Amino acid sequence: MMSAQPLWQTGEGRRPDLWAVVAIVLLASVFPVDLFPGAPHGQHGVDGQLSGKQGQVLLVHVPVKGQPTDIAGRFLSRRVPFFQGESGPVGLLGIDMQDAPGTHELSIDVTDSQGSKRLSFNVLVMKEKYPVQHLTLPKDKVDLDDESLVRVKAEQEQVKTALEEVSPERFWEGGFVEPVHGTISGAFGRVRIINGQARSPHNGEDIAAPLGAEVLAMNDGVARLTVDHFFAGKGVFLDHGLGLYSMYFHLSDITVQNGDRVKRGQVIGKVGASGRATGPHLHWGVRLNGARVNPYSLLALSVGQPLSARQ
Ligand SMILES: [Zn+2]
């Protein structure tokens, strides 16, 4: 259960020799954390390092003077796009569920009227504990037949291609919402070892909810892909811009079409058990510039909202 692991940390890095200070606040599901550029509270950084757990989303606030003409970040060969916030550039950095624990560089190239600079920061990635399930199953229950295998490969390719597109426009804004209320399984990152073989980790969170319950868009976006896939069943992929995607699987019904603009909280489908599912639930996944992140780490985002100190 997410609520059983209130893992939240905040960290910041300061480089007095640089013309900018970057404050990073790690956001988690349980405790709202407000941004305070240059003066974050509740610091848990290790020696001033930026830090976060595997699967978490970091809100990167770069309070630079003026508005850069160009700014682009890079972390572990993934893009970290920035947009202009109220007091400077802001970006979301996704730590993939399997990024190696340890210290990695976040580089930010900033161009303004004075020229170009590269800012470099250390990000400490901490290990997350994921559930491990050992299962022994009859071989014919595990292996796909040739036809299904071909189908699954094609579907994986379709999804991969869709998620590689990065919309330069940011559609999302403000806070994120949970798509359905229900029983959260805590399955994010779970590894199943079936007959001694480790499978791909579970890259979303499962929320058990009644059949037919409304599934809401976590934020504004564009319905980029609607599918009926072997594993995912009926699914919707929303593009929130700047490389942020959310996905909703095992639906009984899809109520949006490819290309539709959707608003936060809009109904995009109904809870079901389509595809490979043992019962009605929503599989909610989020991809952030290629990183598989825990969707619940987005819920406490407070970009663009008034700053206030909280306990
Ligand atoms: Zn799932």
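Above: the structure in question.
The residue numbers shown here count from 1 along each chain, following its written sequence. Owing to the predicted nature of the model, reporting of local features is limited to residues with pLDDT of at least 70; listing and counting of side-chain atom pairs is limited to 80 or more, with chain, interface and lining totals taken over all residues. Values shown for side chains rest on all heavy atoms present in the structure; no hydrogens or waters enter the calculation.

Please provide a residue-by-residue account of the coordination of the zinc ion, values included.
Any nitrogen, oxygen or sulfur atom within 2.8 Å of a metal ion counts as a donor, with the limit raised to 3.2 Å for Na, K and Ca, and since water is left out, coordination shells can look unfinished. Protein coordination at the zinc ion comes from His202 (NE2), Asp206 (OD) and His283 (ND1), with a distance range of 2.1 Å. Mapping the donors of the zinc ion onto the primary sequence yields the spacing H-x3-D-x76-H. Pair noted here: aspartate 206 is in strand β14 (residues 205–208) and histidine 283 is in strand β21 (residues 281–288), with a separation of 77 residues, a long-range link. For every residue, the accessible area (1.4 Å probe, protein chains only) is compared with the maximum for its type, and the residue is labelled buried under 20%, exposed over 50%, or partly exposed between those bounds. Residue class for aspartate 206 comes out buried when judged on its relative accessible area of 13%. Only DSSP runs of H or I covering at least 4 residues are called helices, and only runs of E covering at least 2 are called strands; the numbering of each starts at the N terminus.

Give a detailed account of the sheet that holds strand β10 (residues 132–135), specifying residues and quantitative values.
Strand pairing is assigned whenever DSSP detects at least two bridges linking the two strands. The three strands lie next to each other as β10-β12-β13, forming an open sheet whose pairing is mixed. Edge positions in the open sheet fall to β10 and β13 (197–198), since each of these has one partner strand only.

Summarise the nonpolar core; cite the residues concerned and give the values.
One broad rule of soluble globular proteins: the nonpolar side chains tend to lie buried together. Only buried residues count toward a nonpolar core, which is a set of Ala, Val, Leu, Ile, Met, Phe, Trp, Tyr and Cys residues joined through side-chain atoms within 4.5 Å. If you look at the biggest cluster of nonpolar residues, it comprises 34 residues, and the most contacted ones within it are Leu244, Tyr248 and Ile268. For this core, the elements supplying multiple residues, two or more each, are β4 (57–61), β7 (88–94), β17 (233–241), β18 (244–254), β20 (267–271), β21 and β22 (291–293). For this core, the leading source of residues is β21, giving four residues. Domain delimitation follows an automatic or database domain assignment. In terms of domain composition, this core takes at least three residues from each of domain 1 (2–129) and domain 2 (132–297). Membership of the second largest hydrophobic core comes to 18 residues, among which are Leu50, Leu58, Phe75 and Ile108.

Go over the packing of aromatic side chains with me, naming the residues and quoting the values.
Each Phe, Tyr or Trp ring (for Trp, its six-membered ring) is paired with any other whose centre lies within 6.5 Å, and the angle between the two planes then decides the class: stacked below 30 degrees, edge-to-face above 60, tilted in between. If you walk through the whole model with that rule in mind, you get six aromatic pairs. Look at tyrosine 130 and phenylalanine 188: their rings are 6.1 Å apart centre to centre, the planes differ by 70 degrees, and that puts the pair in the edge-to-face class. With tyrosine 130 in the loop between β9 (115–126) and β10 and phenylalanine 188 in the loop between β11 (183–184) and β12 (191–194), this residue pair connects regions lying 58 residues apart in the sequence. Judged by centre distance (5.1 Å) and plane angle (40 degrees), the ring pair of tryptophan 172 and phenylalanine 176 falls under tilted. The residues tryptophan 172 and phenylalanine 176 share a single accessibility class, namely buried. Each ring is checked for a lysine NZ or an arginine CZ that lies within 6 Å of its centre and within 35 degrees of its normal; such an atom marks a charge sitting over the ring. Directly above the ring of phenylalanine 83 sits arginine 170, whose terminal nitrogen or CZ lies 3.9 Å from the centroid. Its guanidinium or amino end placed over the ring of tryptophan 172, arginine 170 lies 5.3 Å from that ring's centre, counting from NZ or CZ.

Describe the side chain of arginine 287, naming the residues involved and giving the relevant values.
Here arginine 287 is to be found in strand β21. Under this rule, positive means Lys or Arg and negative means Asp or Glu; His and the chain ends count for nothing. Salt bridges are counted wherever a side-chain nitrogen of Lys or Arg sits within 4 Å of a carboxyl oxygen of Asp or Glu. Despite its burial, arginine 287 remains without a salt bridge, the nearest opposite charge being carried by aspartate 96 at 6.6 Å. Contacts are assigned to residue pairs with any non-hydrogen atoms lying within 4.5 Å of each other. Each residue touching arginine 287, except ones within four places of it in the same chain, is listed here: Leu163, Asn203, Gly243, Leu244, Tyr245, Met247 and Arg292.

For helix α2 (residues 146–164), give the residues involved together with the corresponding values.
In this model, α2 (19 residues) spans 27 Å end to end at C-alpha, consistent with the 27 Å of a helix rising 1.5 Å per residue. Along α2, the residues that are buried comprise Ser148, Val152, Glu155, Val159, Ala162 and Leu163. Here the buried residues of α2 occupy an arc of 90 degrees about the axis, which is enough to place them on one side. In α2, the exposed positions that point more than 90 degrees away from the buried face belong to Asp146, Val150, Lys153 and Glu164. To estimate the expected span of a helix, subtract one from its residue number and multiply by 1.5 Å. Working definition: the arc comes from the directions between the helix axis and the C-beta atoms, pointing outward to the latter.

Kindly report on the pairing of β4, identifying the contributing residues and their values.
Most of β4 is tucked away: five of the five residues are buried. Alternating positions in β4 separate into two faces, Val57, Leu59 and His61 on one and Leu58 and Val60 on the other, with burial throughout. Both β4 and β7 contribute to a ladder of five bridges, which runs antiparallel. Residue pairing in the sheet places leucine 58 in a bridge with leucine 93 of β7.

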